[in-house]
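What follows is the residue order along each chain.
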Amino acid sequence: MKNELIAATIDASERWKSYFNRGNAAGCASMYEEGAKMVATPFGTFTGRQEIEAFWQDIIDQGFADVAYVEPDIDQVDETSTVLTSGWKMNKAQGVITRELWVTQADGSMRLREDHFEVQS
């Protein structure tokens, strides 16, 4: 079960990065649960897909692209969820992900319930 959950998290994370790198903010937002919470330091806290999509659209509109994770680590929390931590970089910024809480949904897909990250430059 552990390896399956980790693999599902990797797949979901890759899907999110693919949406971002194609400039698809709606796709990015679709990877979050409806009531998800995103804490983007220093920008603020965004709750729900609509606010999260607006944040990512603004970032994409400013020309940010080519996100990649640096040394990601995924830990299983319980039978249905994992936490991903990682450094990250893109064309115009870099930082750290302190907590991506991925949760298995009723349909078997993984979605973000919490996303905490920091821009460091």
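Whatever comes next refers back to the structure up there.
Below, the structure is looked at part by part.

Reading the values: the criteria
- Residues numbered from 1 in each chain as written.
- Predicted model: local features only at pLDDT ≥ 70, side-chain atom pairs only at ≥ 80, totals over all residues.
- Heavy atoms only, no water.
- Pairing = 2+ DSSP bridges.
- Helix = DSSP H or I, 4+ residues; strand = E, 2+ residues; numbered from the N terminus.
- Axes fitted to C-alpha atoms, helices over the stretch in contact; angles between N-to-C directions.
- Contact = heavy atoms within 4.5 Å.
- Polar contact = N/O pair within 3.5 Å; in protein donor to acceptor, adjacent residues only side chain to side chain.

Things to note about the sheet that holds strand β2 (residues 44-47)
- Overall, mixed pairing links the six strands, which are arranged β2-β1-β6-β5-β4-β3 in an open sheet. At either margin of the open sheet sits one strand with a lone partner, and together these are β2 and β3 (68-76). Going from strand to strand, the sheet's axes swing by 15 degrees on average, the running direction of each strand aside.
- Sheet analysis places strand β4 (residues 81-90) next to strand β5 (residues 93-104), joined by nine bridges and oriented antiparallel. Paired with Ser81 across the two strands is Val103, which belongs to β5.
- Packed on one face of the sheet, helix α3 (residues 48-61) meets β1 (32-41), β2 and β6 (110-119) and runs near 45 degrees to β1.

Description of the environment of Lys92
- Note on placement: Lys92 falls in the loop between β4 and β5.
- Taking the C-alpha atoms as reference points, Lys92 and Val67, separated by 25 residues in sequence, lie 9.5 Å from one another.
- With residues up to four places along the chain from it excluded, the contact list for Lys92 reads Gln62, Gly63, Phe64 and Ser121.
- At a separation of 2.6 Å, a polar atom in the side chain of Lys92 contacts the main-chain carbonyl oxygen of Gln62.

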